[in-house]
Amino acid sequence: MAMPVVTFDPAADRVGDPTITTPWLVDAQLDAASCVPEEGTGAYETLRAYGAKPLRQQRIPREYFRMDAVERDARIWALRRELGDRLVILGHHYQRDEVIQFADYRGDSYKLSQLAAAQNEAEFVLFCGVHFMAESADILTSPRQKVILPNLEAGCSMADMAKGDDVEAAWRAIGRAGVDLDTVIPVTYMNSTAELKAFCGRNGGIVCTSSNASRVYDWAFERGEKIMFFPDEHLGRNTGVAKGIPEDRMVVWDPFQPMGGLTAGQLRDATVILWKGYCSVHARFSVEQIETARAEHPGVNVIVHPECRLEVVQAADSAGSTEFIIDTITAAPAGTVWAVGTEINLVNRLNAELPDKEIFCLDPVVCPCSTMYRVHPSYILWTLEHLVEDEVVNQITVDPTVAREALVALDRMLAVP
Ligand code: SF4
């Protein structure tokens, strides 16, 4: 597997190096938009380690970033009104408040994929989320509808950890190890490229989200004997443990090791073959943070996302998708205290919108998802100003063959009860 040269360098960014990704941001915006997590767990470290190259955002004039926020937002609202029913704005829960205020619908990736599939009217779908979500929206909407990502650099470090070629190579190697591939059901997490969804579509597989992973495992084991799960090792393992699969029957395929670092016997004996990938936000949460929360807030309820590591999920009081976390805390009695293991923008918003409860993030120094954070209102304004001139910028289009195969896997997921 080739390791491309990685070009991202936040320091170089500030001096306007034209070879890196965001040279047009002034210092203040760069600081606000580039929360670089600690060594070994951060999105950029991950991108470096995996050799991922972010997509390049078209340069937008600096005045968009220098604009007074009140004026900027007023201009966005005016354009929003002018575009009327021609435009729908979808906002992922992890988007910052300055962005989410413009969303017609909020949701996690599963809910937004359902909403995208239900969109028949709007000509433009502005997707305030990350690249893989906009790809799925493009696949699920009709050909006449255009899906737009405000900033093309809003990717997902986890999705970048499983590349199509590497998964294809792993699939063939698993077959050479003596595993009957007809008995293996590939399952890709929604947080993956359209290429991987297409791989699943043409190999009898399916897409899952953190909302439906358990039901998708049931679907898969009705059709095969083994699951190959990518790209999130932790969601795959947590789901397997919850289904009663022994941990030693779940092996991890490391794309940087020959044969994934596994023996043929391990592959033949495994019930689930997990891909070595993780979310740079959720992998930060730890058992120590849970212990600290319990020591400092007696009676606290700890709720985490299943992209967290197994020991964190097991130490928490409950675990579930973003929508599960929202619904659980919303329905909880007034006066309850919640320590939450998920992205900070959502946690802060829950705390603001549910003032009868105390809600805080498990990690006191957690960063926002640094790629979600690349969607800034300035890009929304720039995008809408082009749309009212009938010029579509930052449209996300998936190759028709890839889209057709990916749709098979997505439709299987949406049909799972
Ligand atoms: S929170 Fe994690 S999985 Fe979600 S977009 Fe950010 S890096 Fe990807």
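This text goes with the structure placed above it.
1. Section: the overall build of the protein
Then, in step 1: Each helix and strand in the protein was counted, giving 19 helices and 13 strands.
Then, in step 2: When the 417 residues of the protein are sorted by exposure, 49% land in the buried category.
Then, in step 3: Of the contacts made within the protein by residues no fewer than 6 positions apart, 68% connect residues no fewer than 24 positions apart.

2. Let's talk about the pairing of strand β1 (residues 87-92)
Then, in step 1: Here β1 lies mainly inside the structure; 6 of its 6 residues are buried.
Then, in step 2: Bridge count for β1 against strand β3 (residues 124-128) is 5 bridges, and the pairing is parallel. Among the inter-strand pairings, Gly 91 is bridged to a residue of β3, identified as Cys 128.
Then, in step 3: Of the strand pairs in this sheet, β1 and strand β2 (residues 105-107) are connected by 3 bridges, and their pairing is parallel. The partner of His 92 across the bridge, within β2, is Gly 107.

3. Notes on helix α17 (residues 344-353)
Then, in step 1: The set of residues buried in α17 consists of Ile 344, Asn 345, Leu 346, Val 347 and Leu 350.
Then, in step 2: Buried residues belonging to α17 abut α16 (322-331), β12 (337-341) and β13 (358-361).

4. Digging into the site of the ligand
Then, in step 1: Neighbouring the ligand are 14 residues, the closest being Cys 156, Met 158, Cys 279, Val 281 and Cys 369.
Then, in step 2: Among the residues making up the shell around the ligand, the classes are represented as 9 nonpolar, 4 polar and 1 charged.

5. Let's talk about the sheet that holds β13
Strand-to-strand pairing in sheets goes through backbone hydrogen bonds, with the strands running parallel or antiparallel.
Then, in step 1: Strand order in the open sheet made by the 4 strands is β11-β10-β12-β13, with parallel pairing throughout. The open sheet has two free edges, formed respectively by β11 (318-319) and β13, since each of these has just one partner strand.
Then, in step 2: Summarising the sheet, strand β10 (residues 301-304) and β12 pair through 4 bridges and their orientation is parallel. The residue of β12 that forms the bridge with Asn 301 is Trp 338.
Then, in step 3: Relative to β13, α17 is tilted by about 165 degrees, and along the sheet it contacts β12 and β13.

6. A short note on the sheet that holds strand β5 (residues 184-189)
Then, in step 1: In space, the 5 strands of this open sheet follow the order β6-β5-β7-β9-β8, with parallel pairing throughout. Of all strands in the sheet, those with a lone pairing partner are β6 (206-208) and β8 (250-253), marking the two edges. Pairwise comparison of adjacent strand axes, ignoring direction, gives a mean angle of 25 degrees for this sheet.
Then, in step 2: Both β8 and strand β9 (residues 272-275) contribute to a ladder of 4 bridges, which runs parallel.

7. Observations concerning unusual backbone geometry
With glycine set apart, most residues show a phi of negative sign, and most peptide bonds adopt trans.
Then, in step 1: With an omega of -5 degrees, the peptide bond running from Phe 230 to Pro 231 counts as cis.
Then, in step 2: Tracing the backbone shows Pro 231 in the loop between β7 (226-230) and α12 (233-242).
Then, in step 3: One non-glycine residue, Met 259, lies in positive phi territory at about 55 degrees.
Then, in step 4: Structurally, the position occupied by Met 259 is in the loop between β8 and α13 (264-269).
Then, in step 5: Classification of Met 259 by C-beta neighbours within 10 Å gives partly exposed; the count is 16.
Then, in step 6: Here Asn 394, not a glycine, exhibits a phi torsion of approximately 55 degrees, which is positive.

8. A few points about the environment of Asn 238
Then, in step 1: Here Asn 238 is to be found in helix α12.
Then, in step 2: C-alpha separation for the pair Asn 238 and Arg 309, spaced 71 residues apart in sequence, amounts to 7.8 Å.
Then, in step 3: Here Asn 238 is in contact with Pro 306, Leu 310, Val 313 and Ala 319, once residues within four sequence places are set aside.

9. Considering helix α8 (residues 131-140)
Then, in step 1: Of all 10 residues that make up α8, 10 are buried, and the element is covered over most of its length.
Then, in step 2: Turning to α8, its buried residues number three or more, namely His 131, Phe 132, Met 133, Ala 134, Glu 135, Ser 136, Ala 137, Asp 138, Ile 139 and Leu 140.
Then, in step 3: In this structure, the buried residues of α8 make contact with β1, α7 (109-118), β3, β4 (146-148), α10 (194-202) and α19 (400-415).

10. Brief notes about the packing of α8 against α19
Then, in step 1: Between α8 and α19, whose axes approach to 10 Å, the crossing angle comes to 95 degrees. Taken as axis vectors, α8 and α19 run roughly perpendicular relative to one another. Contact residues: Ser 136, Ile 139 and Leu 140 in α8; Ala 403, Ala 406, Leu 407 and Leu 410 in α19.
Then, in step 2: Here the residues of the contact of α8 with α19 sort into 6 nonpolar, 1 polar and no charged.

What counts and how
- Residues numbered from 1 in each chain as written.
- Predicted model: local features only at pLDDT ≥ 70, side-chain atom pairs only at ≥ 80, totals over all residues.
- Helix = DSSP H or I, 4+ residues; strand = E, 2+ residues; numbered from the N terminus.
- Buried ≥ 20, exposed ≤ 12 C-beta atoms within 10 Å, placed from the backbone.
- Contact = placed C-beta atoms within 7 Å.
- Pairing = 2+ DSSP bridges.
- Near = placed C-beta within 6 Å.
- Nonpolar A, V, L, I, M, F, W, Y, C, P; charged D, E, K, R; others polar.
- Axes fitted to C-alpha atoms, helices over the stretch in contact; angles between N-to-C directions.
- Parallel < 35°, antiparallel > 145°, perpendicular 65-115°, else oblique.

Nothing here speaks to function; it is geometry throughout.
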